[in-house]
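Architecture at a glance
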Amino acid sequence: MESRDYLFKVLVIGNGHVGKTSLVHRYVNEKFNKNYKITVGVDFALKVLAWSDTETVRLQLWDIAGQERFTSMTRIYYKEASGCIIMFDVTDACSFRNVRSWKEDLDSKATLPGGNPLPCILLANKCDLSPWDVPLSSIEQFSKVNGFIGWMDTSVKDNKNISESINFLVERMMTVSRQGEPWLEQDGGKIKLDSPRREPSERSCC
Ligand SMILES: Nc1nc2c(ncn2[C@@H]2O[C@H](COP(=O)(O)OP(=O)(O)OP(=O)(O)O)[C@@H](O)[C@H]2O)c(=O)[nH]1
């Protein structure tokens, strides 16, 4: 069978301090750093996945600084993206309220080639902490009415639901790439973890 390579640019956006840099570091380097170092502008990372025997996925992760929503730079950063992760911190209601602005910013500046919104997941991060400042029912409802393909509670610290969520997004980006935009479903519900597919193996990273 013919082998196929996919290259996806994935944006990681959300308020400052919600865990975007930590997410990318965890996913790419399999490490967690408890010290906060603010991102200035944008950081990049690459992860290469052996998705199946015949398919390789190259993920270019763009970690965009929390304060960039207030600059005109996001239009440039969002260019030619294939998908997006929007994060908030479950102990910080303000970061959840601002997800709407991040999604609006994204949808107004970036679309798929056919004009549809980018497939986008919503991550409710720091679920290892308590008390939560955002009720579960609000997240579910919000995700469904605001055009997300799904949402998930995550803890970058405990490595909970990180690769599972990103794999879900990769799966959708691959469907769009193979079958076109009309296939893009925007159910918005909680991402299901019972998918039978095996974990892709990692080829290399930098
Ligand atoms: N308890 C807990 N802390 C986390 C988690 N994820 C990240 N953090 C911590 O939250 C702080 C901020 O994380 P960053 O990854 O730097 O946040 P960011 O969203 O990239 O921030 P900006 O660079 O300002 O945009 C750091 O001290 C992390 O160690 C998590 O899942 N649980």
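So, here is what we can say about the structure in this document. (Residues numbered from 1 in each chain as written. Predicted model: local features only at pLDDT ≥ 70, side-chain atom pairs only at ≥ 80, totals over all residues. Heavy atoms only, no water.)

Counting secondary structure elements, the chain contains 6 helices and 7 strands. Reading the chain from its N end, one meets helices and strands in the order β-α-β-β-α-β-α-α-β-α-β-α-β. Over its C-alpha trace the chain gives a radius of gyration of 16 Å, about what one expects of a compact globule, namely 17 Å for 206 residues. With respect to the three principal axes, the spread of C-alpha positions in the chain is 50 × 35 × 35 Å. Of all 206 residues assigned to the chain, the portion counted as buried reaches 52%. Across the chain, contacts joining residues at least 24 apart in sequence account for 76% of those joining residues at least 6 apart. For the chain, the accessible area works out to roughly 10,200 Å², and carbon and sulfur atoms hold 51% of it. (Helix = DSSP H or I, 4+ residues; strand = E, 2+ residues; numbered from the N terminus. Rg over C-alpha atoms; globule rule 2.2 N^0.38 Å. Buried < 20%, exposed > 50% of the residue type's maximum accessible area, 1.4 Å probe, protein only. Contact = heavy atoms within 4.5 Å. Areas by Shrake-Rupley, 256 points an atom, 1.4 Å probe, with all protein chains shown as cover.)

There is a patch of nonpolar side chains on the surface, built from Y36, I38 and V40 and spanning about 350 Å² of accessible area. When you line up the elements, V40 lands in the loop between α1 (20-29) and β2 (42-50). V40 gets classed as exposed once you look at its relative accessible area, which sits at 69%. (Patch = residues over 30% accessible without salt bridge, like charges linked within 9 Å, V, L, I, M, F, W, Y side chains within 5 Å. Salt bridge = Lys/Arg side-chain N within 4 Å of Asp/Glu carboxyl O.)

Within the fold, R75 resides in helix α2 (residues 74-78). Its relative accessible area of 47% is what places R75 among the partly exposed residues. Put simply, R75 and R4 are 71 residues apart on the chain and 30 Å apart in space, counted from C-alpha to C-alpha. Among residues more than four places away in sequence, those in contact with R75 are S108 and K109.

What follows is about the site of the ligand. What surrounds the ligand is a group of 24 residues, the closest being K20, S22, Y36, T39 and D128. The side chain of Y36 places a nitrogen or oxygen atom 2.5 Å from an oxygen atom of the ligand. Within the side chain of N125, a nitrogen or oxygen atom sits 3.2 Å from a nitrogen atom of the ligand. The dominant element in the shell around the ligand, judged by the number of residues it contributes, is α1, at 3 residues. Its residues assigned to classes, the shell around the ligand comprises 7 nonpolar, 12 polar and 5 charged. (Near = heavy atom within 4 Å. Polar contact = N/O pair within 3.5 Å; in protein donor to acceptor, adjacent residues only side chain to side chain. Nonpolar A, V, L, I, M, F, W, Y, C, P; charged D, E, K, R; others polar.)

A few words now on unusual backbone geometry. Across residues other than glycine, the phi torsion is negative in most instances, and most of the peptide bonds are trans. Residue S130 is joined to P131 through a cis peptide bond whose omega torsion reads 0°. Structurally, the position occupied by P131 is in the loop between β5 (120-125) and α5 (136-145). Despite not being glycine, E80 has its phi angle at roughly 60°, a positive value. Along the chain, E80 turns up in the loop between α2 and β4 (83-89).

To continue, consider the pattern of salt bridges. Under the counting rule described, the total for this entry stands at 8 salt bridges. D5 is the salt-bridge partner of R58, the closest N and O atoms lying 2.8 Å from each other. Placement of the pair is R58 in strand β3 (residues 55-64) and D5 in strand β1 (residues 4-13), with a sequence separation of 53 residues. For R58, a relative accessible area of 32% corresponds to the partly exposed category. The class for D5 is exposed, based on a relative accessible area of 51%. Residue K103 pairs with D107 through a salt bridge whose shortest N-O separation is 2.7 Å. Remark: D107 and K103 occur in helix α4 (residues 99-109); sequence separation between them is 4 residues, near one turn of the helix.

Attention shifts here to the nonpolar core. Formed by 30 residues in total, the largest nonpolar core has its most connected members in L23, V57, L59 and I85. When residues of this core are traced back to their parent elements, those giving at least two are β1, α1, β2, β3, β4, β5 and α6 (162-179). For this core, the leading source of residues is α6, giving 7 residues. With residues up to four places along the chain from it excluded, the contact list for V57 reads Y6, F8, K47, V48, L49, W51, V170 and M174. (Core = buried A, V, L, I, M, F, W, Y, C linked by side-chain atoms within 4.5 Å.)

Any functional reading would require information that these geometric values do not contain.
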